[in-house]
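Summary of the model geometry
Each chain is listed here by its residues.
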Amino acid sequence: MNIKNELLKRLFEAEGKPISGQEFADEFGLSRTAIWKYIKEFEEEGYEISSIKKKGYVLIASPDRVNTANIHKYLQTTTYGWNIDYYESCDSTQNLAHDAAQADAPDGTLVISEEQTAGKGRLSRPWNSAAQKGIWMSLIVRPSLMPQQAPQMTLVAAVAIVRAIENVAGIEATIKWPNDIMLNGRKITGILTELQSEPDRVKAIILGIGMNVNQDEEDFPVELKEIATSLKIACGKHIDRAKLIAEILGFVELYTKMYEKHGFGPIKLLWEGYSNIAGKRIRAVMLNETVEGNALGISDEGLLELQLDDGTVRGIYSADIVIKD
Ligand code: BTX
């Protein structure tokens, strides 16, 4: 057990009542000075703690940070998110997660940053990642899947994210195939799934998740004003990012296990319930080709199935789609 985290957890759970430094020290066989040092460290990290004579320590306020302590306060997973690499700023959590995965970071390791200076989307497109406003994180997972099953992890993550948003913000978002989560027709989340693999097995999947959480309209650069939104704009209140992250990790763990055990069928059912494409007329822009047709849904492999105007059905692996009606 990490004693510093345990102390912070007790301070949170006491909900404004004092925690006795002496009792905590006795319980863990530590000196009072060791406890006092932890309290000083918390204060340096931005927590506001008051010390009441003969009673103990009271947590008054915690910083709006997605650091390890704040996430662990809410985390209820078995594995995912217990190992965290936290940064105030970095170029891209995706790059750092690739390095960590190559250096054998354990299953469920989370790389997270308050800000990204070179956040990226698919095809190296830029991903706007303003400091302390969103969730910019990459989760390293090592499921027992074949490499060809990896792209479906985007859909696993999408369902997990929609469920987490529902629980924490009380609003229902929709999934736009393959990797966007939308609110009121605008993008709040993008998912970037990347793979490290051997010919016949997945070594690691890096699930990059970028979510706009507490931005106001004026926080978005001009080129995103018409296409992006945040949870705060949609539901009118500031959202606790750490709580939302813990919730996302919980659902990603649950659905990844489900996918490993029972295949894509149950995930597909959940996904269809949240997606906005079935029956719609869609233009799919791929690297070398653009096609248009009516969306039938997704296949058992997670491909978008489009019925073209000549009646043929095309399975599409990856594209930017435009929903036409
Ligand atoms: P995508 O290629 O589907 O979307 C990228 C496009 O989305 C951009 O070209 C731009 O139009 C738009 N966009 C950029 N920033 C935002 C934003 N903040 N909100 C809404 N729309 C935006 C989507 O790629 C996958 C994004 C994954 C980002 C995560 S963040 C953590 C991890 N680290 C990293 O570098 N990438 C991932």
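Residues numbered from 1 in each chain as written. Predicted model: local features only at pLDDT ≥ 70, side-chain atom pairs only at ≥ 80, totals over all residues.

An unreviewed UniProt entry annotates the chain as Bifunctional ligase/repressor BirA originating from Sporosarcina koreensis. Turning to the chain, the UniProt annotation filed under Sequence similarities (unreviewed entry) states: "Belongs to the biotin--protein ligase family." (UniProt positions renumbered as here; feature names shortened; annotations may be inferred.)

A tally of helices and strands in the chain yields nine helices and 14 strands. Expected size for 325 residues packed as a compact globule is a radius of gyration near 20 Å; at 22 Å, the chain falls within 12% of this value. The principal-axis extents of the C-alpha atoms in the chain amount to approximately 80 × 45 × 30 Å. Looking at the chain as a whole, 39% of its 325 residues qualify as buried. Long-range pairs, those at least 24 residues apart, make up 61% of the contacts in the chain between residues at least 6 apart in sequence. (Helix = DSSP H or I, 4+ residues; strand = E, 2+ residues; numbered from the N terminus. Rg over C-alpha atoms; globule rule 2.2 N^0.38 Å. Buried ≥ 20, exposed ≤ 12 C-beta atoms within 10 Å, placed from the backbone. Contact = placed C-beta atoms within 7 Å.)

Turning our eyes to something else, we now look at the UniProt feature "DNA-binding region" (unreviewed entry) in the chain. Those places that UniProt annotates as "DNA-binding region" (unreviewed entry) correspond, in this numbering, to residues 21-40. Within the segment residues 21-40, helix and strand shares are 80% and 0% respectively, and the terminal C-alpha atoms sit 13 Å apart.

It is worth spelling out the site of the ligand at this point. Within the structure, the ligand sits among 27 residues, and Ser-92, Gly-121, Gly-190, Gly-208 and Gly-210 are positioned closest to it. Residues belonging to the shell around the ligand are distributed by class as follows: nine nonpolar, 14 polar and four charged. (Near = placed C-beta within 6 Å. Nonpolar A, V, L, I, M, F, W, Y, C, P; charged D, E, K, R; others polar.)

UniProt records the feature "binding site: biotin" (unreviewed entry) at Gln-116 and Lys-187, using the numbering of this structure. Tracing the backbone shows Gln-116 in the loop between β4 (109-113) and β5 (134-141). Looking at Gln-116, the number of C-beta atoms within 10 Å reads 26, which means it is buried. In contact with Gln-116, not counting residues within four places along its chain, are Cys-90, Asp-91, Ser-92, Thr-93, Ser-129 and Trp-136.

This brings us to the packing of helix α8 (residues 241-262) against helix α9 (residues 265-274). When two helices pack together, you describe them by how their axes are tilted relative to each other and by the distance separating the axes. Remark: α8 packs on α9, axes separated minimally by 8 Å, with the N-to-C direction vectors making an angle of 135°. Relative to α9, the element α8 is oriented oblique. Residue-level inspection shows Tyr-255, Met-258, Tyr-259 and His-262 of α8 in contact with α9, the latter providing Gly-265, Pro-266 and Ile-267. Its residues assigned to classes, the contact of α8 with α9 shows five nonpolar, two polar and no charged. (Axes fitted to C-alpha atoms, helices over the stretch in contact; angles between N-to-C directions. Parallel < 35°, antiparallel > 145°, perpendicular 65-115°, else oblique.)

As a further point, take the sheet that holds strand β3 (residues 84-87). Spatially, the seven strands line up as an open sheet ordered β3-β4-β5-β9-β8-β7-β6, and their pairing is mixed. Since the sheet does not close on itself, it has two edges, and those belong to β3 and β6 (174-176), each with one partner. Across the sheet, the mean angle from the axis of one strand to that of its neighbour is 20°, orientation sign disregarded. Relative to β4, β3 runs parallel, the two being bridged by four bridges. Looking at the pairing, Ile-84 lines up with Leu-110 of β4. The strands touched by helix α6 (residues 152-169) are β6, β7 (180-183), β8 (186-198) and β9 (201-212); relative to β8, the strand with the most contacts, the crossing angle is about 140°. (Pairing = 2+ DSSP bridges.)

Okay, the pairing of strand β1 (residues 48-52) next. Among the five residues that make up β1, zero are buried, leaving the element largely open to the surroundings. Between β1 and the antiparallel strand that follows it, strand β2 (residues 56-61), lie three residues; Lys-54 among them carries a positive phi value of about 65°.

This brings us to the pairing of strand β13 (residues 313-316). Here four bridges tie strand β12 (residues 304-308) to β13, and the two strands are oriented antiparallel to one another. Bridge pairing in β13 links Gln-307 to Val-313. In this structure, the hairpin formed by β12 and β13 is closed by a connection of four residues, where Gly-311 is found at a positive phi of approximately 95°.

Once that is clear, we can look at the nonpolar core. Core analysis: the biggest nonpolar cluster contains 70 residues, and Val-156, Ala-157, Ala-158, Ala-160, Ile-161, Ile-245 and Val-252 have the highest contact counts within it. Per element, the largest residue contribution to this core is 13 residues, and it comes from α6. Two domains each provide a minimum of three residues to this core, namely domain 2 (68-274) and domain 3 (281-323). Excluding anything up to four places from it in sequence, Ile-161 contacts Ile-181, Thr-189, Ile-209 and Ile-248. Core analysis: the second largest hydrophobic core is formed by twelve residues, Leu-7, Leu-8, Leu-11 and Tyr-38 among them. (Core = buried A, V, L, I, M, F, W, Y, C linked by C-beta atoms within 7 Å. Domains from an automatic or database assignment.)

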